[in-house]
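So the chains spell out like this:
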Amino acid sequence: MTTIPISKRAALIVCGGESRRMGRAKPHLPFGDETMLARVVRIVSPTVDEVVLLTAKTQELPELPFDYTELPDRVEQQGPAAALYEGLKSVSGWAEAVVVLGCDLPLVTEETIEFLFAQLQNHEAVIPRHEGLPQPLSAVYSMQALEKLENVLYSGNQRLLSCIEPLDTRWVEPRELSAVDPRLGILHNINTPDAYREALAIAGLTHPLED
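These figures come from a predicted structure and were not determined experimentally. (Residues numbered from 1 in each chain as written. Predicted model: local features only at pLDDT ≥ 70, side-chain atom pairs only at ≥ 80, totals over all residues. Heavy atoms only, no water.)

Enquirer: Lay out the nonpolar core in plain terms, naming residues and giving numbers.
Expert: The biggest cluster of nonpolar side chains holds 32 residues, and the ones touching the most others in it are I13, L37, L53, V99 and L101. Among the elements of the structure, strand 1 (9-14), helix 1 (36-44), strand 4 (50-55), strand 6 (97-102) and helix 3 (110-120) are those that each provide at least two residues to this core. With six residues, helix 1 is the single largest residue contributor to this core. Once residues within four sequence positions are removed from consideration, L53 is found in contact with I13, C15, L37, V41, L61, L64, Y68, T69, E70 and L71. Within the second largest apolar cluster, 28 residues are counted, among which are A10, L84, V91 and M143. (Core = buried A, V, L, I, M, F, W, Y, C linked by side-chain atoms within 4.5 Å. Buried < 20%, exposed > 50% of the residue type's maximum accessible area, 1.4 Å probe, protein only. Helix = DSSP H or I, 4+ residues; strand = E, 2+ residues; numbered from the N terminus. Contact = heavy atoms within 4.5 Å.)

This is the structure we're talking about:
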């Protein structure tokens, strides 16, 4: 199965969520000896040529020992669909595909990212499903998706699920992902303190507030 060369791939990392249920800014959360955002960037960097951080209009990021491009929201709280569209547009001059990840996926693996890229082929998106629900912020998109995303957004519909609906999508089920990563790290997003505690335990790390 052929896959897109790394030189034609980018990563879009969504950093601008409000973290209401977590109660703390997720990019800054400690995860071992690095922040959660730094861990995600470290894992994804070998699989792509450029990492783009999609941030809120005014957002402070933790220091990152990696190369990256920051792309702030054009308007306040524009939502993930518009951020995804702007991110795709920002790399459309050279990239053929992007992997989109939340900054709250510290258990994602390189192998899973490579697997998703390999599934793209002639599709416009490769999107995992978890308990039957699409996971569009843990997915791979072709540049061919840009025009359809734009059409939905310009119709006034900002819902992310509405934006992916018209895409020719290769759906990926958990059983397929588990063959690549038995821990299903790409489906472990950190939205609550309990989920944070669980992810640290899975990674064999101690909780910074519970040493």
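Enquirer: Give me the lowdown on the packing of helix 2 (residues 80-91) against helix 4 (residues 146-154), citing residues and values where you can.
Expert: Here helix 2 crosses helix 4 at 140 degrees, and the two axes come no closer than 10 Å. Considering the relative orientation of helix 2 and helix 4, their crossing is left-handed. Contact residues: A81, A82, L84, Y85, L88 and K89 in helix 2; L146, L149, E150, L153 and Y154 in helix 4. Its residues assigned to classes, the contact of helix 2 with helix 4 comprises nine nonpolar, no polar and two charged. (Axes fitted to C-alpha atoms, helices over the stretch in contact; angles between N-to-C directions. Left-handed = near helix turned anticlockwise from the far one by under 90°. Nonpolar A, V, L, I, M, F, W, Y, C, P; charged D, E, K, R; others polar.)

Enquirer: Pulling in residues and values, what's your account of the pattern of salt bridges?
Expert: Enumeration according to the criterion identifies eight salt bridges in this entry. K148 is the partner of E124 in a salt bridge, and the nearest nitrogen-oxygen pair spans 3.0 Å. Note that E124 is positioned in the loop between helix 3 and strand 7 (125-130) and K148 in helix 4, a separation of 24 residues in sequence. K148 sits in the partly exposed class, given a relative accessible area of 29%. Between R170 and E176 there is a salt bridge; the shortest N-O distance is 2.7 Å. Relative accessible area serves as the criterion here: at 22%, E176 is assigned to the partly exposed category. (Salt bridge = Lys/Arg side-chain N within 4 Å of Asp/Glu carboxyl O.)

Enquirer: Mind laying out helix 2, listing which residues take part and the relevant values?
Expert: Each full turn of the α-helix corresponds to 3.6 residues, which orients residues three or four apart in the same direction. If you check helix 2, its first and last C-alpha atoms are 17 Å apart, about what 12 residues at 1.5 Å a residue would give, namely 16 Å. All buried positions along helix 2 are accounted for by A81, A82, A83, L84, Y85, E86, G87, L88 and V91. (Expected span 1.5 Å × (residues − 1).)

Enquirer: Can you lay out the environment of L37 for me, pointing to particular residues and giving the numbers?
Expert: Among the secondary structure elements, L37 is positioned in helix 1. Here L37 falls in the buried class, since its relative accessible area comes to 0%. Residues L37 and G102, 65 residues apart in the sequence, show an inter-C-alpha distance of 8.9 Å. In contact with L37, other than residues within four places in its own chain, are I13, C15, P27, L53, L61, P62, L64 and C103.

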